Each structure stands twice: as structure tokens, then as C-alpha cells.
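Residue strings, one per chain:
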Amino acid sequence: MSAYFITGIGTGIGKTLVSAIITEALRGDYWKPIQAGNLDGTDCLTVQSLLTNDQSVVHPESYLLKFAASPHIAAPEEGLDISIDEIISDMPSTSNTLIIEGAGGLLSPINKTEFNIDIIKRLNIPVIIVSRNYLGSINHSLMTAKVLKYHDIKVAGWIFNDEYLDYENDIVVWSGYPWIASVRHIDTIDKIGVHAQAMKIKDHLKMFI
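**Student:** How should I be thinking about the packing of aromatic side chains in this particular structure?
**Tutor:** Given two aromatic rings, one states the distance between the centres and the angle between the planes to describe the pair. This structure, assessed with the given rule, holds 1 aromatic pair. Ring geometry for W158 and F160: centres 5.7 Å apart, planes at 20°, overall stacked. Considered together, W158 and F160 belong to a single accessibility category, that of buried residues. Its end group placed over the ring of Y177, K149 keeps NZ or CZ at 5.2 Å from the ring centre.

Next comes the structure, spelled out in C-alpha cells:
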């Protein structure tokens, strides 16, 4: 089974949208181990609503937390302690490519001592970094790249979201990680838009996955 971890350079940069597009393009499976908040519209439900193919499976979360906060705060509110061992043992087995979306960025804490990057290290799978084009994204993108290099984590490459300004080539060159795809602004995020974007990036995406 091949698997990829989707991380982002910050909050609200489009990880879930990009995860849906990748999942649709590959007819893969999707899994978000930790969901905090918005239980009526979780990222799993969002991705499920955006897929058009009948091959993808959206797997249930390992931790479904009511409190909309960092997992290291939300979990204790419900008497829980997030365990990477439990996440590893809960990892879905599938013949499809598995797309795993993290909760927040690399250094978002999942408990009092561990972070998202610790999940990635234990899973030992490549990372796809989602960067959104906005003022300040160069700094946030390159800091994310530096952390991944410091921890010697394999990176498949960048997927860029939105089109405020074109920082993409600079980030690719300075980080040393390849460009995989760009997802331009979608006015209405629905199945039609996600499928169209998936078909645009499908062939090039398969060169990296």
C-alpha cells in the first residue's frame, strides 16, 4: 500500500480541498486521523461530498473531538489523550493509495509532548506540502521545508493553492522540493470543480506518486 501525508504551511490554506482533489485524481482513499471541532461538517464528510468516483473510500477518524481547538487542548476536554501508537494501529489497510490529512501544520501539537511531525516520522511515509499563495507564504513555506529537512523526512513536493501572487517558483527553488501542481481559485467548491481540477493535475501528479 502506498500512502502520503498531506501537511500545510498553516491553517486555512486548503489542505482538505487539495486532499479531495488528490484523492479524486488517484481514485485513492482518504483518512484524517484527528478531527477537532465542526462535527456536523468534518473534513471527512467534506471530502466524501466532493468525490465523484466509486472506488475511493473515506475512512473514519481515530479521534473525533468536539472542541474546536488544537488537539492537545481538545482531547483532554473529553478525557482523552491522543496516542500515536493508536493512530498507527488504526491506519486503514487498502489496495488504493491512501491520502492522510494532518490536523494543522507540522508543529501543531497532538498531545503535551508530540506533534504532527511525530506522526509522520512514525508512519515513515512521504509528505506533500500544501502552500497557499498569500503575503507571507514564502516565509511560512520555507520554514515548513526547513523543518522537514531537519528531520530528514521524504517530501514528494509542493501543491500550491489559490493565486494571490505567484511565489511558486521561488519557493520551489529555495526549498529544493519539486512543484507537483497548482490549484487555482475555485469560485464554487463542489464535485464538478474538484473533478475538473483532479483531471488537470492527474497525469503530472502520477509522476510523483
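**Student:** Explain a nonpolar patch on the surface to me, please; I cannot follow it from the model alone.
**Tutor:** On the surface, a cluster of nonpolar side chains totalling about 330 Å² of accessible area is made up of L135, Y164 and L165. Along the polypeptide, Y164 turns up in the loop between β8 (155–161) and α7 (168–175).

**Student:** Where do I start with the nonpolar core in this structure?
**Tutor:** In summary, soluble globular proteins display a tendency toward joint burial of nonpolar side chains. Ranked by internal contacts, the top residues of the largest apolar core, which has 64 residues, are I22, I34 and W158. If you tally residues by element for this core, the top one is helix α1 (residues 15–26), at 7 residues. Leave out the neighbours within four places in its chain, and I22 touches I6, I99, I128, I159 and L205.

**Student:** Whenever I open this one, the environment of A196 confuses me. Can you help?
**Tutor:** Summarising the element assignment, A196 is placed in helix α8 (residues 191–205). Here A196 falls in the partly exposed class, since its relative accessible area comes to 37%. In this structure, the C-alpha to C-alpha distance between A196 and A25, residues 171 residues apart in sequence, is 9.4 Å.

Rules of the game
- Residues numbered from 1 in each chain as written.
- Predicted model: local features only at pLDDT ≥ 70, side-chain atom pairs only at ≥ 80, totals over all residues.
- Heavy atoms only, no water.
- Phe/Tyr/Trp six-rings, centres within 6.5 Å; stacked < 30°, edge-to-face > 60°.
- Buried < 20%, exposed > 50% of the residue type's maximum accessible area, 1.4 Å probe, protein only.
- Lys NZ or Arg CZ within 6 Å of the ring centre and 35° of its normal.
- Patch = residues over 30% accessible without salt bridge, like charges linked within 9 Å, V, L, I, M, F, W, Y side chains within 5 Å.
- Areas by Shrake-Rupley, 256 points an atom, 1.4 Å probe, with all protein chains shown as cover.
- Salt bridge = Lys/Arg side-chain N within 4 Å of Asp/Glu carboxyl O.
- Helix = DSSP H or I, 4+ residues; strand = E, 2+ residues; numbered from the N terminus.
- Core = buried A, V, L, I, M, F, W, Y, C linked by side-chain atoms within 4.5 Å.
- Contact = heavy atoms within 4.5 Å.

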